[in-house]
Amino acid sequence: MKTWLKQFFPKQWKNLFFFNLFLLFFIGLIGSSVSLKSNEINNILNQVNQIIPKDINVISIFLNNFIIALIMIIPIIGLLFAITTIYQTGLVFAAAASIENLSGTLLYVVTALTPFFWLEFITYAANITQGIFIFLALLKKQLTNEITRTIIIITISFSFLFMGSIIEMFFIGKFIR
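A brief structural summary. In this text the structure is predicted, and so the values were computed from the model without any measurement.

## With respect to the overall build of the protein
And step 1. When helices and strands are counted, the protein shows eight helices and zero strands.
And step 2. The secondary structure elements of the protein, listed N-terminal to C-terminal, are α-α-α-α-α-α-α-α.
And step 3. What you see for the protein is a C-alpha radius of gyration of 17 Å, in line with the 16 Å of a compact globule of 177 residues.
And step 4. A buried classification covers 38% of the 177 residues belonging to the protein.
And step 5. Contacts in the protein between residues at least 24 apart in sequence constitute 82% of all its contacts with a sequence separation of at least 6.
And step 6. As displayed, the protein has an accessible area near 10,500 Å², and 70% of this comes from carbon and sulfur atoms.
And step 7. Counting 11 positive and 6 negative side-chain charges, the protein places the averaged centre of each group 16 Å from the other.

Dropping the structure here:
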């Protein structure tokens, strides 16, 4: 098992993965710390209310996160998409917290204590990392080397995000509704 992991996830891949995981967390933290004006808060929360389905469930959470993860695996575009998406997510934390006179950063960090947060962020970091490795393989004209790892990452993403959506729905049902 250990040899298999080393074969598909060499040290360079793991190092870049942890860098991306830290980067994503930090970008979200920056977004959550932004001071927003009243009209900005209203605009952000109105956009969120238009995006989130009224009958939110495990499948809708899963599909939303899985589509995001699949976009993140696309070379270059995925990295830019991830940075933008995670920063905007941080802004949503800032806006939601502002309504209750709380710190967006505090709300973000408290949410980071949940398992679904890390299942999503680990998945996103893995997809970004793989997107970078696909890009490097394209430059070297050695894309076939990345096909197996890409399939493994997509399978892991599916599993992690499905588990995460079940846990997230539990939290929504228990603490928000």
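Right, picking up where we left off after that structure.
## A word on the nonpolar core
And step 1. Counting residues in hydrophobic clusters, the biggest one holds 29 residues, and the most contacted among them are Trp13, Leu24, Phe121 and Tyr124.
And step 2. At the level of secondary structure, the elements contributing two or more residues to this core comprise α2 (11-32), α4 (58-72), α5 (77-99), α7 (115-140) and α8 (144-176).
And step 3. When residues of this core are assigned to their parent elements, the largest contribution, eight residues, is made by α7.
And step 4. Once residues lying within four places of it in the same chain are set aside, the contact partners of Phe121 are Leu21, Leu24, Phe25, Ile86 and Tyr108.

## Quick word on a nonpolar patch on the surface
And step 1. Among the surface-exposed residues, Ile59, Leu63, Ile67, Phe158, Phe162 and Ile166 lie close enough to one another that they form a single nonpolar patch of about 540 Å² accessible area.
And step 2. For the nonpolar patch, the secondary structure elements donating two or more residues are α4 and α8.
And step 3. Structurally, Ile67 can be placed in helix α4.

## Concerning the pattern of salt bridges
And step 1. Overall, the coordinates contain one salt bridge when judged by the stated rule.
And step 2. A salt bridge links Arg149 to Glu146; the nearest nitrogen and oxygen atoms lie 2.7 Å apart. Taken together, the residues Arg149 and Glu146, both in helix α8 and three residues apart, mark about one turn of the helix. With respect to burial, Arg149 and Glu146 carry one shared label: buried.

## Examining unusual backbone geometry
And step 1. For Ile76, which is not glycine, the phi dihedral falls at a positive 65 degrees.
And step 2. With respect to the helices, strands and loops of the structure, Ile76 is situated in the loop between α4 and α5.
And step 3. Residue Ile76 is classed as partly exposed on the basis of its relative accessible area, which comes to 49%.
And step 4. Phi at Lys141 takes a positive value of approximately 60 degrees, unusual for a residue other than glycine.
And step 5. Among the structural elements, Lys141 can be located in the loop between α7 and α8.

## What about the packing of aromatic side chains?
And step 1. Applying the stated criterion across every chain, the model contains 19 aromatic pairs.
And step 2. Measuring from centroid to centroid gives 5.4 Å for Phe93 and Tyr108, while their planes differ by 90 degrees, and the two rings are edge-to-face. Of this pair, Phe93 sits in helix α5 while Tyr108 is found in helix α6 (residues 104-111), placing the two residues 15 residues apart along the sequence. You'll find Phe93 and Tyr108 in the same group, each marked buried.

Thresholds applied
Residues numbered from 1 in each chain as written. Predicted model: local features only at pLDDT ≥ 70, side-chain atom pairs only at ≥ 80, totals over all residues. Heavy atoms only, no water. Helix = DSSP H or I, 4+ residues; strand = E, 2+ residues; numbered from the N terminus. Rg over C-alpha atoms; globule rule 2.2 N^0.38 Å. Buried < 20%, exposed > 50% of the residue type's maximum accessible area, 1.4 Å probe, protein only. Contact = heavy atoms within 4.5 Å. Areas by Shrake-Rupley, 256 points an atom, 1.4 Å probe, with all protein chains shown as cover. Lys, Arg positive; Asp, Glu negative; His and termini not counted. Charge placed at Lys NZ, Arg CZ, Asp CG, Glu CD. Core = buried A, V, L, I, M, F, W, Y, C linked by side-chain atoms within 4.5 Å. Patch = residues over 30% accessible without salt bridge, like charges linked within 9 Å, V, L, I, M, F, W, Y side chains within 5 Å. Salt bridge = Lys/Arg side-chain N within 4 Å of Asp/Glu carboxyl O. Phe/Tyr/Trp six-rings, centres within 6.5 Å; stacked < 30°, edge-to-face > 60°.

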